[in-house]
Every structure is written in structure tokens, then in C-alpha cells.
Amino acid sequence: MKYLSPSYFFDFEHHSIKELITEFMAPELTDKEKIIGLYNKVRDEWKYDPYHISLAKENYRASSIVQKSTGNCVEKSILLIAGLRGMGIPARLHLGKVKNHIAVERLTEKFGSNELTPHGMVNANLNNKWLKMSPAFNKSLCEKLNVEPLEFDGEHNSFLQAYNSAGTRFMEYIEDYGHFEDVPLEFMEKNIKEHYPHIFDKADNITEFRL
């Protein structure tokens, strides 16, 4: 199946990705247990950071992302997908546009909007069913924002924190770009430049942006 294959970006044959998934390779673990374990690891051990954006191809390789301590939603999704494929679990990238409603002051200041695009999540195939999950927001960040962390139970979709613990609107998906077999870097770059031309649509060859 194409969603099990390694690629330039999902380079799960790299030793660093093999190390990432080692603890979940025990034969007594079910696929459900493997997915939940790796999902929690990626969600919480890489802090969410939407303010460092790269347009450089090499920075979207799972073996590069795993070396960092932070990642944005797309980067963390790539890392999770590579790990899942490395364990023999079909997985693919899903992209969309989201609107944040809580703690948006810095987002609006840096991006000129509280809409983030492209937002990445993961589709994984378990028991012949595609399930959605988002490892973006680490538990400590959720606690800070008074939002319940997204838990994945291996049976239901877990990709949207619509409200915080007080019932206030937190996040909503406003556009769905669909799923991709590999990382669509050209689409992502075009999307970013169209939505944030004041930041990213530069004539010079800048590939790293710290907002």
C-alpha cells in the first residue's frame, strides 16, 4: 500500500526514526496500542511552535524534525506519520485551514490573522478504518490555555478542540484541503504565500522565518 512506503520526507528507515519507535515495536503490543503510544509521545515531547516556518525541503524530513524539541502542526504530523509507517501502520498527511479563538493576540500580531494555514493532521488506518488525529498541541500548552488535551483512543477521530474547558470556542476548521500520500511542499508554499503575502511572498530566496 502506498501509505506504507518510505519517502524523502517520511524517511522512517533512518536510524533516528527507528529509535523513536523502538519502544513500541514489542510484538505483544497491538496496532491500537502502538498508535496511541506514539501519538502521545509526538504530541507531548515536541512543543508546539507555529512561529518558526521553513520553506526549505530538507527541514520537512522526519529525520530532521525528530532532532528538534519543537514543531508546528505539519512537522509534528510528518514525524507521527513516519513513525506509524515504520511500524507498518498506513498513515497519510491531511491539511486544512483553522481559525483560533483563544490566545490569538500573538497570532494576529505575527500573521495578521487568527487563521492558520495549512494546518496539518494525521490519518491512520486501523482495522480498515481511516481515523483522524492531531498531535499538534502538547499537554503543557493545553493546560496553559485551559483546554483539554486531545486524547486518541484508537477508535474515534481526535483532531478538533472546538471549545476550552469553560465552553468558550477554541478552534474551528474552516477549510479542508484533503489528504496526501506524501508532503505536498509546493502546494504548502503556494498556500502560505497566498494567505500571508506580507510575510512569505518575498522576491529574495529566504527560506527561514522566525515570527
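Model, not experiment: these values are computed from the prediction. (Residues numbered from 1 in each chain as written. Predicted model: local features only at pLDDT ≥ 70, side-chain atom pairs only at ≥ 80, totals over all residues. Heavy atoms only, no water.)

Some words on the overall build of the protein
When its secondary structure is counted, the protein shows eight helices and eight strands. The globule rule puts the C-alpha radius of gyration for 211 residues at 17 Å, and the 17 Å found for the protein is close to it. For the C-alpha atoms alone, the extent of the protein along its principal axes is close to 50 × 45 × 30 Å. Considering the protein as a whole, with its 211 residues, one finds that 51% of them fall into the buried category. Look at the contacts in the protein between residues 6 or more apart in sequence, and 67% of them connect residues 24 or more apart. Accessible surface computed for the protein: about 9,900 Å², of which carbon and sulfur atoms make up 48%. (Helix = DSSP H or I, 4+ residues; strand = E, 2+ residues; numbered from the N terminus. Rg over C-alpha atoms; globule rule 2.2 N^0.38 Å. Buried < 20%, exposed > 50% of the residue type's maximum accessible area, 1.4 Å probe, protein only. Contact = heavy atoms within 4.5 Å. Areas by Shrake-Rupley, 256 points an atom, 1.4 Å probe, with all protein chains shown as cover.)

Things to note about the nonpolar core
Residues Leu38, Leu79, Leu84 and Phe111 are the most contacted members of the largest nonpolar core, which totals 60 residues. In terms of residues, this core owes the most to one element, helix α4 (residues 73–86), which gives eight residues. Residues contacting Leu84, with those up to four places away along its chain left out, are Ile35, Leu38, Ile89, Ala91, Val122 and Ala124. (Core = buried A, V, L, I, M, F, W, Y, C linked by side-chain atoms within 4.5 Å.)

So, the packing of helix α2 (residues 31–45) against α4
Closest axis-to-axis distance for the α2/α4 pair is 10 Å, and the angle between their directions is 150 degrees. Accordingly, the angle class assigned to the pair α2 and α4 is roughly antiparallel. At the point where α2 passes α4, the crossing takes the right-handed sense. Residues Ile35, Leu38, Tyr39, Val42 and Arg43 of α2 form the contact with α4, whose participating residues are Lys76, Leu79, Leu80, Gly83 and Leu84. Counted by class, the contact of α2 with α4 contains seven nonpolar, one polar and two charged residues. (Axes fitted to C-alpha atoms, helices over the stretch in contact; angles between N-to-C directions. Parallel < 35°, antiparallel > 145°, perpendicular 65-115°, else oblique. Left-handed = near helix turned anticlockwise from the far one by under 90°. Nonpolar A, V, L, I, M, F, W, Y, C, P; charged D, E, K, R; others polar.)

Details of the sheet that holds strand β6 (residues 129–133)
Strand pairing within a sheet occurs via backbone hydrogen bonds; the two strands may be parallel or antiparallel. Read from one edge of the open sheet, four strands run β6-β5-β4-β7, paired in antiparallel fashion. Because the sheet does not close on itself, it has two edges, and the strands there are β6 and β7 (171–180). Averaged over all neighbouring strand pairs, the angle between strand axes comes to 30 degrees, with direction disregarded. Note: strand β4 (residues 91–100) against strand β5 (residues 115–126), eight bridges, orientation antiparallel. Each residue of the ladder has a partner; that of Lys99, found in β5, is Glu115. Packing of α4 onto the sheet brings it into contact with β4, β5 and β6, and relative to β5 it is tilted by some 15 degrees. Against the sheet, helix α7 (residues 185–195) contacts β4, β5 and β7, and its axis sits at roughly 150 degrees relative to β5. (Pairing = 2+ DSSP bridges.)

Here's the deal with empty space enclosed by the protein
Evaluation of the coordinates by the stated rule reveals one cavity of 30 Å³ or more. Elements with a minimum of two residues in the lining of the largest cavity: α4, β5 and α7. Residue classes in the lining of the largest cavity are distributed as 13 nonpolar, three polar and no charged. (1 Å grid on protein atoms, 1.4 Å probe; cavity = no way out; pocket = protein on both sides within 12 Å on 5 of 7 lines; lining within 4 Å. Points joined across faces, edges and corners; volume = space filled by probe spheres on them.)

Section: α7
Every buried residue belonging to α7 is among Leu185, Met188, Asn191 and Ile192, and all of these are buried. The buried residues of α7 occupy one face: seen down the axis, they fall within an arc of 125 degrees. Exposed residues pointing more than 90 degrees away from the buried face of α7 are listed as Glu186 and Lys190. Lining the buried residues of α7 we find β2 (52–54), α4, β4, β5, β7 and α8 (197–200). (Arc of directions from axis to C-beta.)

Examining α2
Count 3.6 residues to each turn of an α-helix, and residues three or four apart come out pointing the same way. Here α2 contains 15 residues, and its C-alpha end-to-end distance of 21 Å stays within 8% of the 21 Å for a straight helix at 1.5 Å per residue. Of all the positions in α2, only Lys34, Ile35, Gly37, Leu38, Tyr39, Lys41, Val42 and Arg43 are classed as buried. Residues of α2 that are buried sit in contact with α1 (15–21), α4, β5, β6 and α6 (139–144). (Expected span 1.5 Å × (residues − 1).)

Any functional reading would require information beyond the geometric quantities listed.
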